[in-house]
Amino acid sequence: MDKLQKSTSIPYKTFGYAASEYLKIREKESLNVSFYLDSINKYLPSILKTTNNYPILFDIYILLGNSNKRKGLIKPALQDYITAENYALLANDIERTIKIKGNIALIYQDMGELDKALNKAKEALELIEINKEALSNKYYENKYKRMFNIAAIYATLYKSDKKKHQFADSSLHYYNSILKTKEFNLNNYYTGKVYYGKGTIYTLKEEYFKASSLLEKSLEFFEKSKSQSYLYKGYYNNAYNYYMSDNLNKAKKNFLKVLKIKKDTILDYNYLHTHYYLSKIHSKQNKIDSAKYHLNTFIIDYSKLTSRKKQQINGAYKIDLDKKIKELKELKEYIANKSFYYKTIFIILVLILLIISFLVVKNSKEKRKANEKLDELLAKISKKEELTQKPFSTSNDIKIKGEQHEQIIKGLLKIEEKEYFLKEEFNLYNAAKKIGTNTTYLSKIIKDYKKMSFNDYTNELRINYIIEALSNNKKVRSYTTQAIGELAGYKNAKSFTRIFKKHVGITPYQFIEKIDKAL
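Residues numbered from 1 in each chain as written. Predicted model: local features only at pLDDT ≥ 70, side-chain atom pairs only at ≥ 80, totals over all residues. Heavy atoms only, no water.

Further remarks concern the packing of helix α4 (residues 54-71) against helix α5 (residues 74-90). Closest axis-to-axis distance for the α4/α5 pair is 8 Å, and the angle between their directions is 165 degrees. In terms of their interaxial angle, α4 and α5 are classed as roughly antiparallel. Remark: the crossing between α4 and α5 carries left-handed chirality. On α5, the residues touching Y54, L57, F58, Y61, I62, L64, G65, N66, N68 and K69 of α4 are P76, A77, D80, Y81, T83, A84, Y87, A88 and L90. In terms of residue class, the contact of α4 with α5 is made up of 13 nonpolar, 4 polar and 2 charged. (Axes fitted to C-alpha atoms, helices over the stretch in contact; angles between N-to-C directions. Helix = DSSP H or I, 4+ residues; strand = E, 2+ residues; numbered from the N terminus. Parallel < 35°, antiparallel > 145°, perpendicular 65-115°, else oblique. Left-handed = near helix turned anticlockwise from the far one by under 90°. Contact = heavy atoms within 4.5 Å. Nonpolar A, V, L, I, M, F, W, Y, C, P; charged D, E, K, R; others polar.)

With 14 residues, helix α14 (residues 248-261) should reach 20 Å at 1.5 Å per residue; the first-to-last C-alpha distance of 20 Å fits that figure. Inspection of α14 places L248, A251, K252, N254, F255, V258 and I261 among the buried residues, and these make up the whole buried set. Where the residues of α14 are buried, they touch α12 (208-225), α13 (228-244) and α15 (269-284). (Expected span 1.5 Å × (residues − 1). Buried < 20%, exposed > 50% of the residue type's maximum accessible area, 1.4 Å probe, protein only.)

Taken together, the side chains of K250, K253, K257, K260 and K263 define a basic patch exposed on the protein surface. In this structure K250 comes out as partly exposed when scored by relative accessible area, which is 42%. (Patch = residues over 30% accessible without salt bridge, like charges linked within 9 Å, V, L, I, M, F, W, Y side chains within 5 Å. Areas by Shrake-Rupley, 256 points an atom, 1.4 Å probe, with all protein chains shown as cover. Salt bridge = Lys/Arg side-chain N within 4 Å of Asp/Glu carboxyl O. Lys, Arg positive; Asp, Glu negative; His and termini not counted. Charge placed at Lys NZ, Arg CZ, Asp CG, Glu CD.)

Residues I300, I347, V350, L351, L354 and I355 make up a contiguous nonpolar surface patch of roughly 480 Å² in combined accessible area. With 5 residues, helix α19 (residues 339-382) is the largest single contributor of residues to the nonpolar patch. Locating L351 in the fold gives a position in helix α19.

Next up on the list: the pattern of salt bridges. When the charged atoms of two side chains with opposite charge come close together, those side chains can pair. With the rule as written, the count across this model stands at 21 salt bridges. Here E123 and K120 are joined by a salt bridge, their closest N and O atoms 3.5 Å apart. Residue E123 and its partner K120 are both found in helix α7 (residues 114-130); the two are separated by 3 residues, about one turn of the helix. For K120, a relative accessible area of 14% gives the class buried. Put simply, E207 and K205 hold a salt bridge, and the shortest N to O gap is 3.9 Å. For K205, a relative accessible area of 24% gives the class partly exposed. Several salt bridges converge on common partners, so that one network encompasses E85, K101, K120 and E123.

Take the nonpolar core next. Within the largest apolar cluster, 103 residues are counted, with the highest numbers of intra-cluster contacts made by L442, I466 and F500. Among residues more than four places away in sequence, those in contact with I466 are I484, L487, A488, F496 and F500. (Core = buried A, V, L, I, M, F, W, Y, C linked by side-chain atoms within 4.5 Å.)

For the rest of this paragraph, the subject is unusual backbone geometry. Positive phi is not limited to glycine here, since K28 has a value of about 60 degrees. Relative to the elements of secondary structure, K28 occurs in the loop between α2 (10-26) and α3 (33-43). Although it is not a glycine, S136 sits at a positive phi angle of roughly 55 degrees. Under the relative-accessibility criterion, S136 is labelled partly exposed at 49%.

Listed below in structure tokens is the structure:
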């Protein structure tokens, strides 16, 4: 990409910048957002709108759309895709036109504009059929993708209005057509997705036995393909179907597999409801301790959700929460009939009240502390003072004890200068390897000189970088929390938000709101 960026050809130079930006975002590498934005905006308007340039203009705009989509900027991504579609049509390029129509359909689906998504996906499928001979060996690959896309859109339409059974029938028609077409030659992953889609339709139709049968098939294929994300969703949906058909043992078995697969700390709908259903199953099976455990886990985890996360979880969640609280009261009445269990449930209720009180007091203190920290940061911003300091590069009072110490400190200075700490793979082992020392000695040097652990040192560098970026770059402030965290090397928004709040006193979202008001 460097060669393309240095090209004397304006179209190739622009393509080089667009491709480089997308690859860095996709690989979660450190990215100078302003540099790429300014470079692309500088050269893109200069590209002549000629027949020869239509294909590369298409490629540039689809890359810009892909980058914006990964940043969470859905509307700008849609506009980029529409522009790309226009160039594909002008170039009379069938493959590019089919590809971009599929991208636009997916964007509309993400936006909830399902009619537009369906129309665009059908346009792509019709174009594929018309150009079957021209597409040659790519015909079946393109056809499968669009048929699967259309089936999924019909499923979503049916979910939003279950009175319209024609949507369910249409979705099943496309899924069945995919399975009947041997020429698709689907692998385990894609075959599993088709059975999973069919199972979801029958779940919505409340035909739970048939749904479970299809989901069991999908899980066999997902196990072979080792698709953890679909195994997680598949076991949850399968467990739900078994629960609704009153097969409690199979439901419990599948719900427990959901918890086993769950590796991250993000609290999502499936995880929370798994605890809810397990509590109900154990209550029906008179396993009181297990029922209490899952009920309390749900209530405590629910209290950890941010208001934004609660809004993201659909309306059914709040209704289900009322049912869960009612279930807790019913469990209390059941245990109250036995003296031993009566004392136990009383203690649990007291603990819940104490936890709620503690959270209220803690939140009040954190809010006050957060305002103080924010006022200090805003004051520095208004005075254009340096917001943050890097632990080693600005420390003038370091007294180096020997050559080995000097080598390590120089290595750390280089890591800060090159911003290697922003890479996702940055850890104690890789840092020690890069500097040319061992992990034990590197940890000791950081502990001796900075009075902090390696992890605290890493987090301080990363959070300082993000504070500067948010304060000085309006574009970065428009990113999602996930995208901002990824800029600093964090894998998920949950851990990034927790670490940011620990250092700054408030969440990234709150910080952005205050900065926007101040500036």
